[in-house]
Amino acid sequence: MSNKYRSHTIVAACFIIQAIGIGTFVTYGVFFNSLASEFGWSRAAISGASSLAFILSGLFAIIIGRLNDIYGPRNLMRIAAIFLGTGVMLMSQVTEIWQLYVFYGIIFGIGLSAIDVIALTTTARWFSHARGFMTGVVKVGTGAGQFLIPFLASILIAAYGWRQAYLNIGSVVLVVLFCVAQVLRRDPEDRDIRGPSAVKTQQKPATVQDNSISAKNAIQTAQLWIICGVSLLIVFCLLIILVHIVPHATDLGLSPTQAAAVLSTIGAVSMIGRFTSGVAIDRIGCKPIMVVCFLTLIAALLWLQVADLDWMLYLFASIYGLAHGSFFTAISPMVAEVFGIASHGAILGIVVFSGTIGGALGPIVAGQLFDITGSYAITFKMITLISVVGLALILCLKPISTKIQALEL
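Because the structure is a prediction, the values reported are computed rather than measured. (Residues numbered from 1 in each chain as written. Predicted model: local features only at pLDDT ≥ 70, side-chain atom pairs only at ≥ 80, totals over all residues. Heavy atoms only, no water.)

Q: Is there a simple way to explain the nonpolar core in this structure?
A: In a soluble, globular protein the nonpolar side chains are often hidden away together inside. Y28, I241, F327 and F339 are the most contacted members of the largest nonpolar core, which has 130 residues in total. A total of 19 residues in this core trace back to one element, the largest contributor, which is helix α10 (residues 222-251). For F327, the contacting residues outside a window of four places in its chain are V230, S231, I234, V235, L238, M290 and C293. (Core = buried A, V, L, I, M, F, W, Y, C linked by side-chain atoms within 4.5 Å. Buried < 20%, exposed > 50% of the residue type's maximum accessible area, 1.4 Å probe, protein only. Helix = DSSP H or I, 4+ residues; strand = E, 2+ residues; numbered from the N terminus. Contact = heavy atoms within 4.5 Å.)

Q: What am I meant to see in helix α5 (residues 97-126) here?
A: Since the α-helix packs 3.6 residues into each turn, any two residues three or four apart lie on the same face. Along its 30 residues, α5 runs 43 Å from first to last C-alpha, staying within 8% of the 44 Å computed at 1.5 Å per residue. Its axis deflected by about 45° at G109, α5 carries its strongest bend there. For α5, a buried count of 24 out of 30 residues is recorded, marking the element as mostly surrounded by other parts of the structure. (Expected span 1.5 Å × (residues − 1). Bend = angle between axes of the 7 residues up to and from the residue.)

Q: Please clarify how the packing of aromatic side chains should be interpreted in this entry.
A: What the rule picks out here adds up to 15 aromatic pairs. Ring geometry for Y28 against F32: centres 6.4 Å apart, planes inclined by 80°, an arrangement best described as edge-to-face. Here Y28 and its partner F32 are both found in helix α2 (residues 28-39), 4 residues apart, which amounts to about one turn of the helix. The exposure classification of Y28 matches that of F32, with both residues buried. When the ring of F316 is compared with that of Y320, the centres are 5.4 Å apart and the planes differ by 25°; the resulting orientation is stacked. Residue F316 and its partner Y320 are located together in helix α13 (residues 310-339), separated by 4 residues, close to a single helical turn. (Phe/Tyr/Trp six-rings, centres within 6.5 Å; stacked < 30°, edge-to-face > 60°.)

Q: What should I look at first to understand the confidence of the model for the protein in this one?
A: One rule of thumb: low pLDDT means the predicted coordinates there are not for detailed reading. Mean pLDDT over the protein: 86, with 91% of residues reaching 70 or higher. The element-level mean pLDDT for the protein is lowest in helix α8 (residues 196-209), coming to 39, with helix α15 (residues 377-395) highest at 96. Long-range and interchain partners of residues 192-209, a stretch whose pLDDT sits below 50, account for 27 contacts in this model, where long-range means more than four residues apart. (pLDDT = per-residue confidence, 0-100.)

Shown next as structure tokens:
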């Protein structure tokens, strides 16, 4: 198989991984009201399972990132497929709150840890000159999943009930991701590598060529902690929207299908943001794209605070979707741009973990504030302010010092 053909296969595989993995995760919001109405659980309690899944996915992402750097993605993705699919299928059997946390929070969360790290690091390793563009193409998969899977889930729930919907989705997730894993390779030089000795010999030229920073040295830089801080703050905001926008829309009088369509609109429009930001990253770099992303997000959140009609929510979803897609496209190329690719998996794993801390806290905080106040008004004001802080942080990001780069040579 030629490298050109193989590279197209890698992009397609990573696209599917993102679509299935992230699309299934954001679909949790579609099941929110079904769980609340059947069991009478609070929104904070239901949000907690999503938060546990997210925090575990970040914690295991650090481990997966390092293992991916050494052994490659194929077997890791196979294992992740089993955890993801099994976790979703087990959700059809939930009768107690602890099962929600075990099946979704733990089992699904462990599987989710591989989705971003494997797809994005593999893409970064396979492409250098068009890294932003190819990352954008892969992240369009996330938008496609966010558009299609919540919509399909709402149809399945209406037709067969939420339990059968979970069973159907979970079986498809397991089979598709396990099959996709078969075509993955760590990089163009991968010949089914078996251990650390293989990766060391392949990485040495790349380390010199692109001035890569090791994970050990990256931890000592202000740049890594700025990126981690930005990731934490913005994912705190984004996960609140993904988990709570459907129940918020139904609170405003939209039908369950209309509310799911708001979430699907975010996914659909985010595909535009992912693709265009990927193209722009190759031309002007990641930092300007992140600045535009934050400005767009702030505008969308200000609009959300006055949106109380269906068309206003769809307009919010359209503006917000551009920012949402752009951020998740920019983060992996930004890590490669600042630190190089030799330890990309390990460093990206740290950044992803930082984001999942914010993403885990956000939905719980929003759910708790709603349970206390009966409204999302305070939550929306809070995440608008947090987005402003994130914008200030990204403006402080500067390139790595040549002295630090020299230590790697």
